[in-house]
Amino acid sequence: MAVPKNENCFKIRQATSDDVEEIWKIVKQEGWASCSFQVTRAVIEIAEDGWFVAEQDGEILGFVMGYNINETTSFPGFLIVKPEHRGKYIGKALLNEVGSYMGDRRISFVAILQVEPMYVKLGNTRSPRGGVNLYSLQLRNMPIPQEAKVDYELKDYIEVDWKDLLDYDTSFHIIPRERVLNVWFEIPESKTKVIQQNGKIVGYGTIKPVPSGHVIGPLYADTTAACMILLNYFATAIPANSKVLFTMPTASEDGKRLLEYNKDTLIVVWKGVFMEKKQAPSFSKLHKVVAIFDSAICFL
Ligand SMILES: CC(C)(COP(=O)(O)OP(=O)(O)OC[C@H]1O[C@@H](n2cnc3c(N)ncnc32)[C@H](O)[C@@H]1OP(=O)(O)O)[C@@H](O)C(=O)NCCC(=O)NCCS
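These remarks concern the structure in this document.

Conventions adopted
Residues numbered from 1 in each chain as written. Predicted model: local features only at pLDDT ≥ 70, side-chain atom pairs only at ≥ 80, totals over all residues. Heavy atoms only, no water. Near = heavy atom within 4 Å. Polar contact = N/O pair within 3.5 Å; in protein donor to acceptor, adjacent residues only side chain to side chain. Areas by Shrake-Rupley, 256 points an atom, 1.4 Å probe, with all protein chains shown as cover. 1 Å grid on protein atoms, 1.4 Å probe; cavity = no way out; pocket = protein on both sides within 12 Å on 5 of 7 lines; lining within 4 Å. Sits in = over half its atoms within 2 Å of the grid points. Helix = DSSP H or I, 4+ residues; strand = E, 2+ residues; numbered from the N terminus. Nonpolar A, V, L, I, M, F, W, Y, C, P; charged D, E, K, R; others polar. Buried < 20%, exposed > 50% of the residue type's maximum accessible area, 1.4 Å probe, protein only. Pairing = 2+ DSSP bridges. Right-handed = clockwise from strand over helix to strand, strands pointing away.

The subject of this paragraph is the site of the ligand. Taken together, 21 residues form the shell around the ligand, and within it Leu79, Val81, Tyr89, Gly91 and Lys92 come nearest. In the model, an oxygen atom of the ligand is placed 2.8 Å from a nitrogen or oxygen of the Gly87 main chain. Measuring from an oxygen atom of the ligand, one finds a side-chain N or O atom of Tyr89 at 2.4 Å. Against a free-state accessible area of 910 Å², the protein chains account for coverage of 76% of the ligand. For the ligand, the cavity whose grid points lie within 2 Å of the majority of its atoms is the largest pocket. For the shell around the ligand, the secondary-structure elements that each account for two or more residues are β4 (73–81), α3 (90–102), β5 (106–112) and α4 (116–121). Looking at the shell around the ligand, the element that brings in the most residues is α4, giving four residues. Of the residues assigned to the shell around the ligand, the class counts are 13 nonpolar, three polar and five charged.

The structure is reproduced here in C-alpha cells:
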C-alpha cells in the first residue's frame, strides 16, 4: 500500500520480489554477519506482504519486515535505513507502516542495545526473556558427557516424522510454525539435523553458510549430551577454522558451556535484548535454546 510523499520526499510502499537483491545489498553493507542472500530471500518469502521499503526517486533508502504469524502475534525485524539517510524519520515512518500492518497483535523481537532506546520511545518494553547476543567462535571444544555413550541417534530432518518434529519445535516456540520451518529447512546449502534418544526427539539444529562463515540457528536441545552431539556433527560438516555464529539467549545453559569451552576464539559481535509490545507467550524452555533462528526474524 503506497502512502503519500512526506516532506522529506520519500514514500513507503510494500516490497516486491524485485526488491530482494537491493534489500540484500543494504543488509550486506550494514554488515549483518549472520545473514546471507539466501536467508534474506527466505525471510521475504516467509513474511510475504509484510515487507515495506522507503523509496525516493527509485532508490530504496530503508526497509522493515513484519511477520504476522497468526491473528494474535507478529514478529517485526530487518529494520535498516541506509547510513546517509538516517535521522530523517525514515525509520519511524517504516515502523509506523509495519505497525499498522501488524495491527493489535502482540509483538516480539530482538533489539540491539544501541537501538533499544528508540524502541522504548515507541512504546515497547524489555521482555522477561532477558538478553540475547550474537557470538562468533570456532567450533573446537564440545565435550560430550560420559553418560551419553549410547541411546542417541542423529538423523537428517527428512528421516524423522514431520509431525514429531513440529511438535518438538512447538514445545519450545509455543506457536506452531510449520510454514516457517518448511521454508527455513529448504534454504539452499543448509543442513538440519535432528537428535533422538530412544526414538524420541530431544533436539534439532540447522547450519548454513553465510559470507563470514557459518551460522547455526535454531539449535534446541533438551540435554547437554544432545546439544554437544549436534555441535560435534556441525563441526565436521564445515571447513576447519570456519567462524560459526550463534544468536544466543543469555539464559542458555549449554550456550554458556559452549562459550566457556571455546573462549579462545570467542568474539561478541553485538549484545541485545528481547523486547515486546503486549506480553509475548511465556517461554519455559528458553534455557535449552542455544541459538534462535536469527535476531532479525526472531520467531520466538
Ligand atoms: C535504527 C535505525 C533504523 C533508525 O532509523 P532512522 O531513520 O535514523 O530513525 P528516525 O530518524 O526515524 O528516528 C526516530 C526516533 O528514534 C530515535 N532514534 C533513532 N535511532 C536511535 C538510536 N540508535 N538510539 C536511540 N534513539 C534513536 C530518533 O532520535 C527519533 O526520536 P524522536 O522521535 O524523539 O526525534 C537506523 O539507525 C539504522 O538503520 N541502524 C542500523 C540498523 C539497526 O541497528 N537496525 C535495528 C536493529 S534492532
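This is not the end of the story, as more comes after the structure.
What follows concerns the pairing of β4. For β4, the tally of buried residues reaches nine of nine residues, placing the bulk of the element in the interior. Adjacent in sequence and paired antiparallel, strand β3 (residues 59–68) and β4 are bridged by four residues. Note: β4 against β5, two bridges, orientation parallel. Within β5, the residue paired with Thr73 across the bridge is Arg106. In this fold, the crossover linking β4 to β5 by way of α3 has right-handed handedness.

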